[in-house]
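Observations on the model geometry
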Amino acid sequence: MTKAPFSVEWLSQSSQALKSPTEGSPHRASPSGAAQPVPEESPERPGPEEPCGRGGRRLRTAFSAEQISTLESSFQRQQYLGAAERRQLAGRMRLSEVQIKTWFQNRRMKLKRQLQELR
């Protein structure tokens, strides 16, 4: 079976179809090209815990000041959480374990950057 080679024109057209100027935004482009908000009850807009369709990304978590304070104090005591500690913290804060894990990863990277800037 012989495969036809892809043309550069086809690749650029298909990549443009995948990208939209409002990608990752809670807005939908209208026929005129202007962005319009997506209604809250729209099936196109998943909840905060759901991934956004095929290969999409979930919305960014906005932590409350109280949650950040709790996470920071936990980080001061221990930079790495075990599974049991992560589960306990997630239950107490009403966040997913993945959100807790990701926050700690990001916080360790922030600390690393801060330490490198001081050198």
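Taking an unreviewed UniProt entry as the reference, the protein chain is identified by name as VNT1B protein belonging to Irena cyanogastra.

What follows covers the packing of helix α2 (residues 65–77) against helix α4 (residues 97–118). Interhelical geometry of α2 versus α4 gives an angle of 65° and a closest axis separation of 11 Å. Of the two elements, α2 crosses α4, and the hand of that crossing is right-handed. For the pair α2 and α4, the contacting residues are L71, E72, S74, F75 and Q76 in the first and I100, W103, F104, R107, R108 and L111 in the second. For the contact of α2 with α4, a count of residues per class yields 6 nonpolar, 2 polar and 3 charged.

What the rule picks out here adds up to 3 salt bridges. Of the charged contacts, one joins E97 and R86 as a salt bridge, the two residues approaching to 3.7 Å between their closest N and O atoms. Here E97, found in helix α4, pairs with R86, found in helix α3 (residues 83–93); they are 11 residues apart in sequence, far enough to count as distant. Owing to a relative accessible area of 30%, E97 belongs among the partly exposed residues under this scheme. Across the pair R87 and E97 runs a salt bridge, and its minimum N-O distance is 3.8 Å. Of the two residues, R87 is situated in helix α3 and E97 in helix α4; the sequence distance between them amounts to 10 residues. Take R87: its relative accessible area is 48%, and that puts it in the partly exposed class.

Our next topic: α4. Between the first and last C-alpha of α4 there are 32 Å, a value that for 22 residues agrees with the 32 Å anticipated at 1.5 Å per step. Packing partners of the buried residues in α4 comprise α2 and α3.

Mean pLDDT over the protein chain works out to 73, with 55% of the residues at or above the 70 mark. For the stretch residues 3–32, pLDDT sits under 50, and the model shows 23 contacts to residues farther than four places along the chain or on other chains. In the model, residues 38–47 has pLDDT below 50 throughout and makes 12 contacts with residues more than four positions away in sequence or in other chains.

So, about the packing of aromatic side chains. Going through the model one piece at a time under the given rule, you end up with 3 aromatic pairs. Ring geometry for F75 versus F104: centroids 5.9 Å apart, planes at 55°, classification tilted. Here F75 is found in helix α2, whereas its partner F104 is found in helix α4, with 29 residues between them in sequence. The exposure classification of F75 matches that of F104, with both residues buried. Between W103 and F104 the ring centres are 5.3 Å apart and the planes differ by 75°, which places this aromatic pair in the edge-to-face class. Each member of the pair, W103 as well as F104, is classed as buried. One aromatic cluster in this structure is built from F75, W103 and F104.

Thresholds, definitions, all that
Residues numbered from 1 in each chain as written. Predicted model: local features only at pLDDT ≥ 70, side-chain atom pairs only at ≥ 80, totals over all residues. Heavy atoms only, no water. Axes fitted to C-alpha atoms, helices over the stretch in contact; angles between N-to-C directions. Helix = DSSP H or I, 4+ residues; strand = E, 2+ residues; numbered from the N terminus. Left-handed = near helix turned anticlockwise from the far one by under 90°. Contact = heavy atoms within 4.5 Å. Nonpolar A, V, L, I, M, F, W, Y, C, P; charged D, E, K, R; others polar. Salt bridge = Lys/Arg side-chain N within 4 Å of Asp/Glu carboxyl O. Buried < 20%, exposed > 50% of the residue type's maximum accessible area, 1.4 Å probe, protein only. Expected span 1.5 Å × (residues − 1). pLDDT = per-residue confidence, 0-100. Phe/Tyr/Trp six-rings, centres within 6.5 Å; stacked < 30°, edge-to-face > 60°.

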